[in-house]
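One letter stands for each residue in the lines below.
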Amino acid sequence: MKFVLLVLSWIMVGLSAIAAEPDTLATDTLDNDNRMGLIRRTVRGFDRLNDEYIEPQHYEFTVMGQITRTYESFVLGSNGQEITLAPDGRTKIGPYFGWRWFFLGYTFDIHNLGFSQSGLRKEFDLSIYSSQVGIDIFYRRTGNDYKIRDVRLGYGINGDLFEGIPFDGVNVGITGASAYYIFNHGRFSYPAAFSQSTCQKISCGSWMAGIGFTRNSLDMDYDKLVSTLRSRMERAQELRVDSGMMFSGIKYSDFMISGGYAYNWVFAKNWLFCASGQLAVCYKSSYGKVADEKTGFSMEKVNLDGIGRFGVVYNNTRWYAGCSAILRSNNYRTSRFTANNIFGSFNAYIGYNFMLKKKYRKA
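Keep in mind that what you see is a predicted model, and the values were worked out from it rather than measured. (Residues numbered from 1 in each chain as written. Predicted model: local features only at pLDDT ≥ 70, side-chain atom pairs only at ≥ 80, totals over all residues. Heavy atoms only, no water.)

### A closer look at the overall build of the protein
To keep things clear, this is the line we draw: Only DSSP runs of H or I reaching four residues or more are called helices, and only runs of E reaching two or more are called strands; each is numbered from the N terminus. When accessible area is computed with a 1.4 Å probe and restricted to protein chains, residues below 20% of their type maximum are described as buried, those above 50% as exposed, and intermediate ones as partly exposed. Note on contacts: a residue pair qualifies if any of its non-hydrogen atoms lie within 4.5 Å across the two residues. Only the protein chains shown count as cover for residues, and the accessible areas themselves come from Shrake-Rupley with a 1.4 Å probe.
Tallying secondary structure elements over the protein gives four helices and 18 strands in all. In the protein, which comprises 363 residues, the share counted as buried stands at 44%. The contacts in the protein between residues at least 6 apart in sequence include a share of 73% that link residues at least 24 apart. Total accessible area computed for the protein in this model is approximately 19,200 Å², and 59% of it derives from carbon and sulfur atoms.

This is the structure we're talking about:
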């Protein structure tokens, strides 16, 4: 993933240079000059805005400190039975440095500051916010730190007996990317709420539409699940787990079309609250084996996923501070089996912009 991050960083640096304010450049031919002009106009179009509603970024560089708290919950269900698994939340802190569109940083898990990462979750998230287009790229692999949070098996079994039991027999992976278009991008600014690169001056909202693709995997040790549950039950008590949960691995691709709405509320000078939601219609094509799963095209493989974003920020163009939350749901179901994964993060940050751009410097 370091290579991917490096490539993306260089891409953003290149786009930033292209989008930079006009400089005096020596060109060999008129054709080259025209091509560069077309590329520059295209890139700048992604950040075209109405300055009556949105104040552009005044500075070249920014530094920021951020603390992040992550959350995840995983629910397996079959024939009325449900088992909820979730790891303990993680807290990460780290510095960031930004130049124009290019923003790079690193966060440290405060509970695991050593170099050993054995058994820990692996996460990579990249969100690019421009006025017109947004892009999300994410990579997640769980570790062995799940715990049983809730069990509903029926047959008179008390689910409280199993709460908090460590269970390392499940591994979940998701790799994907999505892009969305913001229709009212001239007056509504997503970057004002989530990348602090502009300031929303007048309350405004916008509809959004997007597409995406993810590759998902789910591996579970059924025998370990049964033995873990039995360890808290009396010997005479019978354990019945539905056959829909008797699988070792599922892999599926997820094709999605999404739509939603976002609104920026300017409730005081330099203050902003943003709330947005997107609902995605997804077709999930699996290539693992699950009991009674249908092959070929089926409407049962059409699922609904969602993503919500919320943010509060203070930004006077020089200093900014705030918090944001991003929550995603990823659902999978067949006629007898369901798997619902919810994961997200809460961020709190403070930052400082410096080095005024030329057009904002006083003569």
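Now that the structure has been shown, the text picks up again.
### Focus on unusual backbone geometry
Even without a glycine there, the phi angle at Asn270 is positive, about 70°. The residue Met355 is not glycine, and still its phi comes out positive at about 65°.

### Looking at helix 4 (residues 222-230)
Which entries qualify depends on this criterion: Working definition: the arc comes from the directions between the helix axis and the C-beta atoms, pointing outward to the latter. The term polar contact refers here to a pair of N or O atoms within 3.5 Å; inside protein, the definition further demands a hydrogen-donor-capable atom paired with an acceptor-capable atom, and it admits residues adjacent in sequence only when both atoms are side-chain atoms.
Tyr222, Leu225, Val226, Thr228 and Leu229 are the residues of helix 4 that are buried. Down the axis of helix 4, the buried side of the element spans an arc of 165°, and every buried residue falls inside it. Next to the buried residues of helix 4 lie strand 3 (81-87), strand 9 (146-152), strand 10 (165-166) and strand 13 (204-220). Structurally, the start of helix 4 carries an N-cap: the backbone nitrogen of Asp223 is 3.3 Å from a side-chain oxygen of Asp221.

### A look at the pairing of strand 13
On a regular strand, one side chain projects to one face of the sheet and the next to the other, so that they alternate. What counts here: Here, strands pair whenever DSSP counts at least two bridges between them.
Pairing between strand 11 (residues 170-182) and strand 13: 13 bridges, direction antiparallel. The residue bridging Val170 from the neighbouring strand is Met220, located in strand 13. Summarising the sheet, strand 13 and strand 14 (residues 249-268) pair through 16 bridges and their orientation is antiparallel. Of the residues in strand 14, the one forming a bridge with Cys204 is Asn264.

### Things to note about the packing of aromatic side chains
What counts, and what does not: Here the aromatic set is Phe, Tyr and Trp, taking the six-membered ring for Trp, and pairing holds for ring centres within 6.5 Å; pairs whose planes are under 30 degrees apart are stacked, those over 60 apart are edge-to-face, and all others are tilted.
Counted by the stated rule, this structure contains 16 aromatic pairs. Arranged with centres 5.0 Å apart and planes meeting at 50°, the rings of Phe213 and Phe255 form a pair that is tilted. Of the two residues, Phe213 sits in strand 13 while Phe255 sits in strand 14, which places them 42 residues apart along the sequence. Taking 5.3 Å as the distance between ring centres and 55° as the angle between the ring planes, the aromatic pair formed by Trp271 and Tyr314 counts as tilted. In this pair, Trp271 sits in strand 15 (residues 271-286) while Tyr314 sits in strand 16 (residues 302-315), placing the two residues 43 residues apart along the sequence. When its relative accessible area of 34% is taken as the criterion, Trp271 is described as partly exposed. Given a relative accessible area of 26%, Tyr314 falls into the partly exposed group. Among the aromatic residues, ring-to-ring pairing joins Phe61, Phe97, Trp319, Tyr352 and Phe354 into one connected group.

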